[in-house]
Amino acid sequence: MLRMQTTSGASVPNTVRTPALDDVDAKIVRLLTEDGRMTNAELAGRLGVAPSTAHARLRALVDRGVITGFHASVDERMLGAGLQAIIGVTLRPSGRRESIVEFAERVRVLPPVIQVFFLGGDDDFLLHIAVADSSEMREFVLEHLSAQSSVASTRTSIVFDYHRNSVAASFH
């Protein structure tokens, strides 16, 4: 367990409060992770509870921040962006704080970017992108990453296939 020092020097546990989920709440989360378009009547039927109970429990999970949204899963190939990659980006050591904020703000709005991960470790960021072909991949790396003075290096890995278990909420 991580410990935090107080101003008096005492050590206290540094824990993140997590909302307790009973069996019904956990099943709601699992069912909606599998099918976010499930109707309230279907949800109630799968839970074995009244529709009003299912609705109240779902609303409580949203209000408590356990469920943060409902999302559509998009087949990027159908949009003409069938080549996906994960790009590791390392920033230069000088002016790190400003570089990190500026880089994140700049890349998260680019159309090919699906996800941006800010990391601890060898890479500072991982970008998940989708483009039409290898020439667009090259252009993205050269024009939007390598051209930034704060970027020290990039490492591109092509995605052949992936499976997503769930959609995680943003950390902010």
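In case you missed it, the structure is sitting above this.
Sequence order as written defines the numbering, with residues in each chain counted from 1. In keeping with the predicted nature of the model, local features appear solely for residues at pLDDT of at least 70, side-chain atom pairs appear and are counted solely at 80 or more, and the whole-chain, interface and lining totals rest on all residues. Remark: hydrogens and water are excluded; side-chain values derive from all non-hydrogen atoms of the structure.

A. Quick look at the overall build of the chain. Under the scheme used here, helices are H or I runs from DSSP no shorter than 4 residues and strands are E runs no shorter than 2 residues, and both carry numbers assigned from the N terminus. In terms of regular secondary structure, the chain is built from 5 helices and 6 strands. Counting helices and strands in the order they occur from the N terminus, the chain gives β-β-α-α-α-β-α-β-β-α-β. When accessible area is computed with a 1.4 Å probe and restricted to protein chains, residues below 20% of their type maximum are described as buried, those above 50% as exposed, and intermediate ones as partly exposed. Counting over 172 residues, the chain shows a buried share of 25%. The contact criterion used throughout is that any non-hydrogen atoms of two residues lie within 4.5 Å. By sequence separation, contacts in the chain at least 24 residues apart represent 59% of the contacts at least 6 residues apart.

B. Highlighting the pattern of salt bridges. Only one rule defines a salt bridge in this text: a Lys or Arg side-chain nitrogen within 4 Å of an Asp or Glu carboxyl oxygen. Under the definition given, this model contains 7 salt bridges. A salt bridge links aspartate 22 to arginine 57; its shortest N-O distance comes to 2.4 Å. Here the residue aspartate 22 occupies a position in the loop between β2 (11-13) and α1 (23-34), and arginine 57 occupies one in helix α3 (residues 51-63), the gap between them amounting to 35 residues. Here arginine 106 makes a salt bridge to glutamate 102, at a shortest N to O gap of 3.0 Å. Taken as a pair, arginine 106 and glutamate 102 lie in helix α4 (residues 96-108) at a separation of 4 residues, close to a single helical turn. Taking relative accessible area as the criterion, arginine 106 reaches 40% and is therefore assigned partly exposed. Look at glutamate 102 and you get partly exposed, because its relative accessible area is 42%. The structure contains a network of salt bridges with shared partners spanning Asp22, Asp25, Arg57 and Arg64.

C. View of α4. Expected span of a helix: the number of residues minus one, times 1.5 Å. For α4, spanning 13 residues, the distance from its first C-alpha to its last is 18 Å, which sits close to the expected 18 Å at 1.5 Å a residue. Regarding α4, the residues found buried are Ser99, Ile100, Phe103, Ala104 and Val107. For α4, the angular spread of buried residues about the axis comes to 125°, placing them on one side. In α4, the exposed positions angled more than 90 degrees off the buried face are occupied by Arg97, Glu98 and Glu105. Where the residues of α4 are buried, they touch β3 (83-91), β4 (113-118), β5 (125-131), α5 (134-146) and β6 (151-159). Directions from the helix axis toward the C-beta atoms define the arc.

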